[in-house]
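# Reading the structure
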Amino acid sequence: MKSSKISSVKISADEREHCRNVIEEATPRALDVLQAFTNSLNYKQVALLLNITEKTVEMYALILRDLCRTEWGLPPDKKFPNCFLHATFAAFFQHEMKNTE
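The notes below deal with the structure included here. Remember, predicted model here, so these are calculated numbers, not experimental data.

Core analysis: the largest hydrophobic core is formed by 25 residues, its most contacted members being Val33 and Phe89. The set of elements that each furnish at least two residues to this core consists of helix H2 (13-25), helix H3 (28-38), helix H4 (43-50), helix H5 (54-72) and helix H6 (82-100). Broken down by element, the residue count for this core peaks at six residues, all from H5. Ignoring sequence-local partners within four residues, the contact set of Phe89 consists of Cys19, Val22, Ile23, Leu34, Thr38, Cys68, Trp72 and Phe84.

Shown next as structure tokens:
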């Protein structure tokens, strides 16, 4: 049911561009963490999946949020939860997969 909800989410061209820029800046391992977040995994589940510690997952989440903060032009004190990573990038990846089929 969740995947159908995600696939119905529209993502603007500007949002897609922001996502692409974040992905270009992120390390391969940070992208692994991001992909896991888009599958609704929590820190512990991501750590187990990627065979890393939860602290390492937290570090990558912080890096990803900082990349997003910079890309979207948000102030440094602007806080946003990992659900931003999930919702935004899940919609992006869904859109990209749909357009490559």
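Using the criterion set out here, one finds four aromatic pairs in the structure. Each ring, one from Trp72 and one from Phe84, has its centre 5.3 Å from the other, and the planes form 85 degrees; the classification is edge-to-face. Of the two residues, Trp72 is situated in helix H5 and Phe84 in helix H6; the sequence distance between them amounts to 12 residues. Through a chain of ring-to-ring contacts, three or more aromatic side chains come together here, namely Trp72, Phe84 and Phe89.

Residue pairs spaced three or four apart in an α-helix point in one direction, given the helix's 3.6 residues per turn. Over its 13 residues, H2 extends 19 Å from the first C-alpha to the last, a length consistent with the 18 Å expected when each residue adds 1.5 Å. Listing the buried residues of H2 in full gives Arg16, Cys19 and Val22. Buried positions in H2, seen along its axis, are confined to an arc of 125 degrees and lie on one side of it. Set apart from the buried face of H2 by more than 90 degrees, the exposed residues are Asp14, Glu24 and Glu25. Residues of H2 that are buried make contact with H5 and H6.

Rules of the game
Residues numbered from 1 in each chain as written. Predicted model: local features only at pLDDT ≥ 70, side-chain atom pairs only at ≥ 80, totals over all residues. Heavy atoms only, no water. Core = buried A, V, L, I, M, F, W, Y, C linked by side-chain atoms within 4.5 Å. Buried < 20%, exposed > 50% of the residue type's maximum accessible area, 1.4 Å probe, protein only. Helix = DSSP H or I, 4+ residues; strand = E, 2+ residues; numbered from the N terminus. Contact = heavy atoms within 4.5 Å. Phe/Tyr/Trp six-rings, centres within 6.5 Å; stacked < 30°, edge-to-face > 60°. Expected span 1.5 Å × (residues − 1). Arc of directions from axis to C-beta.

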